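Understanding the architecture of this molecule
Spelled out, the chains give:
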Amino acid sequence: MPNNNSAGERDRARPPRHIAIILDGNGRWAKKRGLPRTAGHAVGAETFRKIATYCKNIGVEYLTVYAFSTENWRRPEAEVSTIMKLLGKYLHEAIDTMERDHIRMKVFGDVEGLSPELRALVDKTDEISRRYEGFQANICLNYGGRDEILHAARRYAADYAAGKAEGELTEEGFSQYLYSAGIPDPDLLIRPGGEVRISNFLLWQCAYAEFYFTDVLWPDFTPEELDRAIAVFQSRDRRYGGVKNP
Ligand code: FPP
């Protein structure tokens, strides 16, 4: 794979603040074992739980994962329904963990397109998140990067028309209309599963993110692989378009 220069150990004192991950490879993981694709999603959901816990333990403040895109509705109905069930189960179980560990969880995406049951769970996790300030997991669900930008532009235009927004629109001001309002941009974007593209994920927010691609399929992703990605990230030279030591 390109882009995965090996690096030493992860520097424990400098975790990235925000990691974003495209969950990919569940279907292939299952196929390799002669299992239905849905079995890959079930193991993928467990992997998410493990990696989120690990991120929290090593001092990462935000983890954002791409679980279901606006395009994923095109998959067979049985697969979509299994993914939705897994998400519902996960959100339901997460409520206790959020209360116990004082962590936050948000859904990014067009929640209007979700079932009433899922929307109720999203409302509940939103309500709990408002009370805490710890680690925050964001699950992108019925999410598309372009869709998010359009949605934000429409909301800004409506606020402007209603006299509720300034005429001078800045990047910072516009960011407040995105699902990620108030959250720092991802420092590191990880894509397991062997594909080397962004697939309409966090298009605005990843302007300066470092990318890490790996062939490891998401259900096989481990804390050790995350450490490797972080070490590579830490070895990179982030210049944000400027120059170092001019
Ligand atoms: C991509 O693998 C994965 C998805 C589209 C679904 C991800 C959803 C879950 C893991 C369910 C629960 C999620 C959370 C966050 C609790 P793929 O099916 O595209 O794999 P392939 O490229 O090998 O076919």
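That block above? That's the structure.
Overview of the layout of surface pockets
Size it by volume and the largest pocket reaches roughly 660 Å³. Looking at the largest pocket, it is lined by 30 residues, and the ones nearest its centre are Leu23, Tyr66, Ala67, Asn72 and Arg75. For the lining of the largest pocket, the secondary-structure elements that each account for two or more residues are helix H1 (26–32), helix H2 (37–57), strand E2 (62–69) and helix H3 (77–101). Taken together, the residues of the lining of the largest pocket sort by class into 13 nonpolar, 9 polar and 8 charged.

What about the site of the ligand?
Around the ligand lies a shell of 17 residues, among which Leu23, Asp24, Arg28, Arg37 and Arg75 are the nearest. Between the ligand and the protein, one listed contact pairs an oxygen atom with a backbone N or O atom of Arg28 at 2.7 Å. In isolation the ligand offers 620 Å² of accessible surface; the protein chains occlude 93% of this area. For the ligand, the cavity whose grid points lie within 2 Å of the majority of its atoms is the largest pocket.

A short note on the packing of aromatic side chains
By the definition in use, this model includes 11 aromatic pairs. For the ring pair Tyr66 and Phe201, a centre distance of 4.5 Å and an interplane angle of 10° mean the geometry is stacked. One end of the pair, Tyr66, is in strand E2; the other, Phe201, is in the loop between strand E5 (188–191) and strand E6 (210–213), and 135 residues separate them in sequence. Here Tyr66 matches Phe201 in class, with each residue buried. Each ring, one from Phe68 and one from Trp73, has its centre 4.9 Å from the other, and the planes form 75°; the classification is edge-to-face. Judged by its relative accessible area of 0%, Phe68 is buried. Using a relative accessible area of 35% as the deciding quantity, one classes Trp73 as partly exposed. Taken together through their ring pairs, the aromatic side chains of Tyr66, Tyr143, Tyr179 and Phe201 make up a single cluster.

Quick look at the packing of H2 against helix H7 (residues 223–235)
For any two helices packed against each other, the geometry is given by the interaxial angle and the distance between the axes. Two elements in contact, H2 and H7, have axes separated by 10 Å at closest approach and are oriented at 50°. Comparing their axes, H7 and H2 come out oblique. As for the relative orientation of H2 and H7, their crossing is right-handed in sense. Along its contact with H2, which presents Ile51, Tyr54 and Cys55, the element H7 presents Pro223, Leu226 and Asp227. Tallied by class, residues from the contact of H2 with H7 come to 5 nonpolar, no polar and 1 charged.

Regarding the nonpolar core
Note that soluble globular proteins tend to have their nonpolar side chains buried in a common cluster. Counting 44 residues, the largest nonpolar core has Ile19, Phe48, Leu63, Ile190 and Leu226 as its most contacted members. No other element matches H3, which puts 9 residues into this core. Excluding its chain neighbours within four sequence positions, the residues that come into contact with Leu226 are Ile19, Ile51, Tyr54, Cys55, Ile58, Ile190 and Phe221. One finds Ala20, Tyr62, Cys140 and Leu189 within the second-largest nonpolar core, a separate group that totals 14 residues.

Observations regarding the pattern of salt bridges
Inspection of the entire model under this criterion finds 18 salt bridges. A salt bridge links Arg14 to Asp11; its shortest N-O distance comes to 3.0 Å. By relative accessible area, Arg14 is classed as partly exposed at 46%. Judged by its relative accessible area of 30%, Asp11 is partly exposed. With its nearest N and O atoms 3.1 Å apart, the salt bridge here joins Glu99 to Arg131. Residue Glu99 is located in helix H3, and its partner Arg131 is located in helix H4 (residues 116–131); the two are separated by 32 residues in the primary sequence. Taking relative accessible area as the criterion, Glu99 reaches 28% and is therefore assigned partly exposed. Overlapping salt bridges bring together Glu46, Arg49, Lys89 and Glu93 as one network.

A look at the packing of H3 against H4
In the contact formed by H3 and H4, the axes pass within 10 Å of each other and the chain directions differ by 25°. Our classification of the angle between H3 and H4 gives roughly parallel. The two elements H3 and H4 cross, and the hand of that crossing is left-handed. Here H3 contributes Met84, Leu87, Gly88, Leu91, His92, Ile95, Met98 and Glu99 to the contact with H4, which in turn contributes Leu118, Leu121, Val122, Lys124, Thr125, Ile128, Ser129 and Arg131.

How each quantity is defined
- Every chain is numbered independently, its residues counted from 1 as its sequence is written.
- Whole-chain, interface and lining totals are the exception, using all residues; otherwise, since this is a predicted model, local features are given only for residues with pLDDT of at least 70 and side-chain atom pairs are given and counted only at 80 or more.
- As a rule here, side-chain values come from all non-hydrogen atoms in the structure, and water together with hydrogens is ignored.
- Every definition here rests on a 1 Å grid over the protein atoms only: cavities are sets of points where a 1.4 Å probe fits but cannot get out, pockets are open sets enclosed by protein on both sides within 12 Å along at least five of seven lines, and lining residues have some atom within 4 Å of a point.
- Grid points are joined across faces, edges and corners, and a volume is the space filled by probe spheres set on the points.
- Secondary structure elements follow DSSP: runs of H or I of four or more residues count as helices, runs of E of two or more count as strands, with numbering from the N terminus.
- Under the scheme applied here, ten amino acids are nonpolar (Ala, Val, Leu, Ile, Met, Phe, Trp, Tyr, Cys and Pro), four are charged (Asp, Glu, Lys and Arg), and all others, including Gly, are polar.
- What makes a residue near a molecule or strand is one non-hydrogen atom of that residue sitting within 4 Å of it.
- As used in this structure description, the phrase polar contact means that two N or O atoms lie within 3.5 Å; if the pair is within protein, one of them must be able to donate a hydrogen and the other to accept it, and residues adjacent in sequence are counted only when both atoms belong to side chains.
- Each accessible area value is a Shrake-Rupley result obtained with a 1.4 Å probe; residue values ignore everything except the protein chains displayed when judging cover.
- Grid points define the cavity or pocket, and a molecule sits in it when more than half of its atoms lie within 2 Å of them.
- Pairing of aromatic rings covers Phe, Tyr and Trp, the last counted by its six-membered ring, and requires centre-to-centre distances within 6.5 Å; plane angles under 30 degrees mean stacked, over 60 mean edge-to-face, and any other angle means tilted.
- For every residue, the accessible area (1.4 Å probe, protein chains only) is compared with the maximum for its type, and the residue is labelled buried under 20%, exposed over 50%, or partly exposed between those bounds.
- Only C-alpha atoms enter the line fits that serve as axes; for helices the fit covers just the stretch in contact. Angles between N-to-C directions range over 0 to 180 degrees.
- These descriptions rest on fixed angle ranges, namely under 35 degrees for roughly parallel, over 145 for roughly antiparallel, 65 to 115 for roughly perpendicular, and the rest for oblique.
- Less than a right angle of anticlockwise turn of the near helix away from the far helix marks a crossing as left-handed, whereas a clockwise turn marks it as right-handed.
- Contacts are assigned to residue pairs with any non-hydrogen atoms lying within 4.5 Å of each other.
- To form a nonpolar core, buried Ala, Val, Leu, Ile, Met, Phe, Trp, Tyr and Cys residues must be joined to one another through side-chain atoms within 4.5 Å.
- A pair is scored as a salt bridge if a Lys or Arg side-chain nitrogen falls within 4 Å of a carboxyl oxygen belonging to Asp or Glu.

Geometry only, nothing functional implied.
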